[in-house]
There are 4 protein chains.
Amino acid sequence: MAPSPPTNLRPRDAQANVNLDDLTRRLVETRALSMELASPLSSEDMVVQSMEDASPTKWHLAHVTWFFETFVLQAHAPGYQLFDERFPFCFNSYYVQAGPRHPRPARGLLTRPSLDAVMAYRAHVDEALDRFMGSSAVNAEAAMLVELGINHEQQHQELLLTDILHAFSLGPLKPAYREPRGLAAQPITPDVTMIDLDGGLHRIGHEGAGFAYDNEGPAHRCQLEPFAIANRLVTNRDWLAFMADGGYTTPTLWLSDGWACAQTNGWQAPLYWELREERWWHMTLEGLVPVDPATPVTHISYYEADAYARWAGKRLPREQEWEVAARLPGASDEGNTLATRALRPVAFDAARADATTVPQQMLGDVWEWTQSAYLPYPGYKAALGAVGEYNGKFMCNQMVMRGASCATAPGHARASYRTFFYPHQRWQFMGLRLAEDR
Amino acid sequence: MAPSPPTNLRPRDAQANVNLDDLTRRLVETRALSMELASPLSSEDMVVQSMEDASPTKWHLAHVTWFFETFVLQAHAPGYQLFDERFPFCFNSYYVQAGPRHPRPARGLLTRPSLDAVMAYRAHVDEALDRFMGSSAVNAEAAMLVELGINHEQQHQELLLTDILHAFSLGPLKPAYREPRGLAAQPITPDVTMIDLDGGLHRIGHEGAGFAYDNEGPAHRCQLEPFAIANRLVTNRDWLAFMADGGYTTPTLWLSDGWACAQTNGWQAPLYWELREERWWHMTLEGLVPVDPATPVTHISYYEADAYARWAGKRLPREQEWEVAARLPGASDEGNTLATRALRPVAFDAARADATTVPQQMLGDVWEWTQSAYLPYPGYKAALGAVGEYNGKFMCNQMVMRGASCATAPGHARASYRTFFYPHQRWQFMGLRLAEDR
Amino acid sequence: MAPSPPTNLRPRDAQANVNLDDLTRRLVETRALSMELASPLSSEDMVVQSMEDASPTKWHLAHVTWFFETFVLQAHAPGYQLFDERFPFCFNSYYVQAGPRHPRPARGLLTRPSLDAVMAYRAHVDEALDRFMGSSAVNAEAAMLVELGINHEQQHQELLLTDILHAFSLGPLKPAYREPRGLAAQPITPDVTMIDLDGGLHRIGHEGAGFAYDNEGPAHRCQLEPFAIANRLVTNRDWLAFMADGGYTTPTLWLSDGWACAQTNGWQAPLYWELREERWWHMTLEGLVPVDPATPVTHISYYEADAYARWAGKRLPREQEWEVAARLPGASDEGNTLATRALRPVAFDAARADATTVPQQMLGDVWEWTQSAYLPYPGYKAALGAVGEYNGKFMCNQMVMRGASCATAPGHARASYRTFFYPHQRWQFMGLRLAEDR
Amino acid sequence: MAPSPPTNLRPRDAQANVNLDDLTRRLVETRALSMELASPLSSEDMVVQSMEDASPTKWHLAHVTWFFETFVLQAHAPGYQLFDERFPFCFNSYYVQAGPRHPRPARGLLTRPSLDAVMAYRAHVDEALDRFMGSSAVNAEAAMLVELGINHEQQHQELLLTDILHAFSLGPLKPAYREPRGLAAQPITPDVTMIDLDGGLHRIGHEGAGFAYDNEGPAHRCQLEPFAIANRLVTNRDWLAFMADGGYTTPTLWLSDGWACAQTNGWQAPLYWELREERWWHMTLEGLVPVDPATPVTHISYYEADAYARWAGKRLPREQEWEVAARLPGASDEGNTLATRALRPVAFDAARADATTVPQQMLGDVWEWTQSAYLPYPGYKAALGAVGEYNGKFMCNQMVMRGASCATAPGHARASYRTFFYPHQRWQFMGLRLAEDR
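The rules behind the values
Residues numbered from 1 in each chain as written. Chains lettered and ligands numbered in written order. Predicted model: local features only at pLDDT ≥ 70, side-chain atom pairs only at ≥ 80, totals over all residues. Heavy atoms only, no water. Helix = DSSP H or I, 4+ residues; strand = E, 2+ residues; numbered from the N terminus. Rg over C-alpha atoms; globule rule 2.2 N^0.38 Å. Buried < 20%, exposed > 50% of the residue type's maximum accessible area, 1.4 Å probe, protein only. Pairing = 2+ DSSP bridges. Contact = heavy atoms within 4.5 Å. pLDDT = per-residue confidence, 0-100. Buried area = accessible area lost by both parts, 1.4 Å probe. Salt bridge = Lys/Arg side-chain N within 4 Å of Asp/Glu carboxyl O. Polar contact = N/O pair within 3.5 Å; in protein donor to acceptor, adjacent residues only side chain to side chain. Nonpolar A, V, L, I, M, F, W, Y, C, P; charged D, E, K, R; others polar. Least-squares fit on C-alpha atoms with pLDDT ≥ 70 in both. Phe/Tyr/Trp six-rings, centres within 6.5 Å; stacked < 30°, edge-to-face > 60°. Lys NZ or Arg CZ within 6 Å of the ring centre and 35° of its normal. Core = buried A, V, L, I, M, F, W, Y, C linked by side-chain atoms within 4.5 Å. Axes fitted to C-alpha atoms, helices over the stretch in contact; angles between N-to-C directions.

Here the focus is the overall build of chain A. When its secondary structure is counted, chain A shows nine helices and twelve strands. Rg of the C-alpha trace for chain A: 22 Å, near the compact-globule value of 22 Å for 438 residues, within the 12% margin. Dimensions of chain A along its principal axes, counting C-alpha atoms only, are 65 × 55 × 40 Å. Every one of the 438 residues in chain A was classed for burial, and the buried ones make up 62%.

Encoded structure:
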């Protein structure tokens, strides 16, 4: 049973005059990138699920395919035949309106369908998409759904990388996703500069052309007090100072829930950090490497970010403040996302002319925790139908992260983007930037 | 070891010209009210802890006393002698800076100190407070701390009632806290009227004279879109309609976390509701009584409130919207709080002249869930020292509730008041009022 | 609804010629002893349940009364009126055939019925029992059930003491159940002597006159290999040597399940032991006292006892071996049970003439772990009806303990007695004696 | 680090005159059978771990290889080089004395070492074993360890099958391990006949030539009462009658722990049974098939077996009784083990001449629950060193099963064999046979 098509279309901008050639090109590129990202992995690597929050590579590859099959091909391509009637059950994630599904914590048991079958599934759907995109059946709604499918697959590309890193981190051999590349000698990072920004009414949220998720709108005005935001991200060197000063052993620095979480889980450093013979090492996509003091800290929870900010006498930015800062000229260059293939955050370039007057590295390197809970903007309404489950039903208990990371798909980042995680989660490329009241 | 005194005083308004006579009178009244509230209970009733969220009556009586002893007498009363050196360990709740403490989940094991000892503790502290309030040692800071202690004890008065209700609800005899009073025949409640309110910049938060908690400030401007708010609370009759329409069995009405919570806990009705021979009964402070359709629904979680609002095609108000509405003339009469001794929410008075133009029952009857996460206002800074732990460290994972309930101490309610609970919690007198965008 | 009367009577020996005067006297004494044991406790002490394994004092007092009411008075006393129709639900423990019951883990929520009500319940049942025992209605079955009720209440007398000790051990004030009595200066305990015993066919189990539980029979022959058993119990001094030699940190000494249990729970010493300034203290019914090296170790699990025996190059006795040893002349003097009111195990009397040839302290001081799982004897059949649930349904996952402890009711101990606990449990007066193959 | 060699050799019968040719042949056959059993599985199938009790196929293949490498080659083959220094950490199971190891619940994360690497590991060790077996280094101890390694690998062959069945049962596609073979039309099974056996002293345990595990000895005399044992296993038809008669809803049939377990887990039928449109289906190594009434019931826990026996008015046999029966002429033919490749229990052959006078199917088809806890025989001593951890440290909390199943390796079964599982476990081929007192 196909889910009912959404009728009040979100994401926004389902304009009729979308450039279909461009859309098709991006569709093909996105589908190809997923295959490329999976290519260093064995079929064994691709089947495991290392925790409930993570999914197997194979599942990611199949699920994004199911998304196109269900919302584009079944809904809009006349005469489309399902590749396998059992696959929707296997690869639906959380769309209640799209039918029942295999339980999330058991995704690691999906040895069948095999990887070969999933590859055949991808090929089948790619072929059908190719036919469909060249046909006259592509109306505005269908085009919007293809666009959504591309963005959806891009999100899973990032998850594919963060999830396999998590799985590899728990294996005894600490395998590398790829061969290590030489690390440039790292400079001393200069002190943080706080950049003052005006209060008053600011316009927040996505507007104008270009794709955005429904949770980025409606654009609206927001009253802010004067504030300042740091020109650079918090680095591993900063974090080591926090640790050395008792950051993980001083309850008064922490939120009550955060302290309980840190105690229960025995946190003493960021996730993936490991002390070996009095030196800190860091499990990365290139395997276990020494912690680099100059690069942005990552794999920290909201609780840790918040404690760090309190220790530093500052606070985390609100998401609106972050967005205002990100709209400063020069702040939103898409930097070190997946496009650069660095697969790790890079050090701050203090030599840049605007390094002390414009916040750096806002789109790329690490997602930045904000002090804002993930809640709907004024006037937000989720789409009807299964697509409406994309974002809205998660608007509770999570915190907004802004920016983009070194694992974010190229072209996927923008200043209005809102992602969201629970305050205890750490397995994404998560870092922080300080703010304060003026 | 006494906690260090706070130096940047919050709550606000620690003005020197506080009326000491009035303060002393309210202190005495508050201390007496706690004793009165405990009076229907046996020493056995007062010792149990029915869940981790709740505390024994005896512990409440002792803890509020410890608060005065620690923050007022030890810090400000020259020569004050501790009643018992072991009591601070027993009765500190969560103030890390005030020293170690008995673990919260084990409060129900405190058969010793005995109730008699706790009563002697109260008498000892009351006497010392009486001497202190008549002395010249009461400076502005001390007066503020007495005020804080009064408000703190008032909060625990409400908890004392909700916690004993929870304990009694789990006992096989379903005992009543007090004898049932006659229930007036209940009228049919008229349909909800949505009252339109203007958008634009609104001033939010406590300002001016009078006590407020630090989390109610700083007062600040907030930009709102036009909205409407219901003139009345959602009633049990409304809730029964939601239940009859599949409210508890339709996942698309629910937040993702909410649905998981409801399934895990088998929720099919509000807490304390019980189906006996096809009729719904309700465990109350007067024992098990039939559900009254005309009175406001209560003992529902945020998840349920949110699902109801979605079912009704509306939403919950933001806390700022709620506060704007509560400042309408006539909306903030302190109604059915503990002052009336009703100990249950009462039915909407549709005969009131302003019943369709002004929101009713905003301060009293039930706390109202808002769509706002509990976060600091712009410019908020927690006080230094142990008193600073009062509010700030809980600003994560909880939702703001506004208003006051039938169990709130008299004089404790105000339009700027913010209380906060986790979205799954239900044992307080929690209800809801609908809102929508205009 | 009264449970159906058992028809194939167990316990054994329901002979017609039971001495009714003696039975009545013991009934009165037993009922009185329970009241005496509860007398040092406040009503608050009597209501708490400190863990699922333990029950509140008030519940014990009421449950044993329910047992008499249900199985004796309701079943055999013509015209007996229930004291309160709601009490069977409150005070049935685990007799499925006697109707539904309040859940075990929630016994600590029974603030109602009040202690006063429970005392009235006891008085009501005592009076009815008094009338009944003087009547002609006491047939052989009824007499057997009174005997069973007496023994049942005696078992709960021991639990009452061990359960309140557990509750007090978790309180911050470490209260004493009674005032400490002077400790005699303790001698050095001589080394253990292993006493050789013959193999061959031995008769095991209860036979002859006198009460015994059904699980002590049928008496039967059992083939044993030659073995030896220690003349004395393992002492605290012995245990300290085990600890000093890495007993708690050497996995090869432990059963696999035992090691997992010890790690999960962080065991480093017996339950109730506490290290304060480099000295071991012990929470007892007389409060926190220094560990006495000369007295038998107690409050250890089966896992610890088994690890100790392996460390000592020996093993625990099988229950049949223990029974054979206990039947040696002089071995089964009822020693330090509740009759002596010591309320703690006492030191070995090395001056006794038979101290190296006969095992000492087999009935009193501590229960002794055996290597035998709790299973039915050949030919065992549980009684029909609710009384048949007394023992049989627990014959899985538990280990047999033999002997009796300093908290066992006077007259309750005998060589064939089998009690049983899970291998991880420690809150009873549990100790050990070594054995080995010959 | 190699584990220290065991010095007091167990298993028994490390006689010098072992036939080395025969040993070598069986070694080669056993190693080959493991490869054959894994051959229907993909590399993805082989990496998953579906529950903590189960292990991945790949892990089984590597672990048995590690066993030979560690205990035979490292200890006895001069100059043997470890295949990979990291593998002992990966593939040690529970031998504390053989060094640290990867945690059991995380075996499913071992995507690396890859299956190819594990196959190379097997080839490396096979080659080294081949060289070793032809050398003069094979002393009696080494020969015994090779024998132990063969038997160890055979045990894991059974686990390999039961573990993959468990994993497949949880997948949405319910894949078959192999193609279904035609089911013969099944006869009506005749009623059970109880076969009387004498009491008195019986000799129990392994003695004489041939391999046995240490836990099968020492052989010793045991006194039994007269008893009877069923000529056939309990069938699915029998089990359906138990279910129809309320077997799963009648608490008085169950052990207390068993009832709690059944309620917690919602048991209403054997593991792998599934009701589809009012018919029971059964997940097998041949996929989902209708339950066959004539074949022995399997995948039941001890708790269920015990409840069934009580319902039938009988009991489970003690392990000694079972062994006495198994020594009857004709009873211990090795029947339907892995040698027949049936991979499922088969129906009782009522046409056999001795079908009512000799117990059938005692070695093959299903393991049989006994009423005996897994405890050491009189005189049992575990071997010193890591090999001594094989059996002894599990002698607590588990029940003995006797016989062998349709998944037991050919030649692995014997009358004295003792395997052991926790009473709640169901994923092995577990069934039952009734017994009773005479």
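This part is about the pairing of strand β9 (residues 399-403) of chain B. All names here are of chain B. By the criterion of burial, β9 is predominantly enclosed, with five of the five residues buried. The pairing of strand β8 (residues 367-373) with β9 spans four bridges and is antiparallel. Across the sheet, the residue bridging to Glu 368 is Arg 402, located in β9. Here β9 pairs with strand β10 (residues 419-421) via three bridges, running antiparallel. Bridge pairing in β10 links Met 399 to Phe 421.

Attention now goes to the arrangement of the chains. There is a gap between chain A and chain C: no contact, and a shortest C-alpha distance of 14 Å. The two units chain B and chain D never meet; even their closest C-alpha atoms stay 14 Å apart.

Turning next to the confidence of the model for chain A. All names here are of chain A. Summarising the model, chain A shows a mean pLDDT of 93, and 95% of its residues fall at 70 or more. Contacts from residues 1-16, a stretch scored under 50 in pLDDT, to residues over four places away or in other chains number 48 contacts. Overall fold confidence (pTM) sits at 0.95, and the ipTM for the predicted complex is 0.95.

As a further point, take the interface of chain D and chain C. With 36 residues of chain D at the interface, the matching set in chain C holds 37 residues. Counting the surface chain D buries against chain C, the share from its top three residues, Gln 223, Cys 396 and Asn 397 of chain D, is 18%. Run the count over chain D and chain C and you get two salt bridges. Between Lys 381 of chain D and Asp 437 of chain C there is a salt bridge, with the nearest N and O atoms lying 3.8 Å from each other. Counting every contact that joins chain D to chain C gives eight residue pairs in polar contact (both at pLDDT 80 or more). For the side of chain D that touches chain C, the elements supplying multiple residues, two or more each, are β3 (220-224), α7 (256-265), α8 (302-311) and β8 (367-373) of chain D. Considering only residue class, the side of chain D that touches chain C consists of 19 nonpolar, ten polar and seven charged.

Rotating chain D by 180° and translating it 0.0 Å along the rotation axis places it on chain C, where the RMSD comes to 0.0 Å. The operation mapping one copy onto its partner corresponds to a two-fold rotation axis. When the interface residues of chain D are mapped onto chain C, 100% of them are again interface residues, pointing to one common binding face.

The tally for this structure, following the rule as stated, stands at 123 aromatic pairs over all chains. A ring pair is formed by Phe 394 of chain A and Phe 420 of chain A, whose centres lie 6.2 Å apart and whose planes are at 25°; its orientation type is stacked. Taken together, the residues Phe 394 of chain A in the loop between β8 (367-373) and β9 (399-403) and Phe 420 of chain A in strand β10 (residues 419-421) connect sequence positions 26 residues apart. For the pair formed by Phe 394 of chain A and Phe 420 of chain A, the shared burial category is buried. A ring pair is formed by Phe 421 of chain C and Trp 427 of chain C, whose centres lie 5.8 Å apart and whose planes are at 90°; its orientation type is edge-to-face. As far as the burial class goes, Phe 421 of chain C and Trp 427 of chain C line up, both buried. Lying over the aromatic face of Trp 59 of chain C, Arg 107 of chain C brings its terminal NZ or CZ to 3.6 Å of the ring centre.

The next subject is the nonpolar core. Formed by 238 residues in total, the largest nonpolar core has its most connected members in Phe 91, Trp 239 and Leu 432 of chain A together with Phe 91, Trp 239 and Leu 432 of chain B. Residue contacts for Trp 239 of chain B: discarding those within four places in its chain leaves Val 234, Tyr 248, Pro 270, Trp 273, Val 297, Ile 300, Glu 304, Ala 305, Tyr 308 and Leu 432 of chain B. One finds Phe 67 of chain C together with Tyr 80, Phe 91 and Val 125 of chain D within the second-largest nonpolar core, a separate group that totals 236 residues.

Let us look at the sheet that holds strand β5 (residues 273-276) of chain A. Residues and elements named next belong to chain A. The strand order across the open sheet built from three strands is β5-β6-β7, with neighbouring strands paired in antiparallel fashion. The strands lining the two open edges of the sheet, one partner per strand, are β5 and β7 (287-290). Pairs of neighbouring strands in the sheet enclose a mean axial angle of 35°, with direction left out of account. Across the sheet, helix α6 (residues 236-244) lies against β5 and β6 (279-284), angled at about 65° from β5, the strand it touches most.

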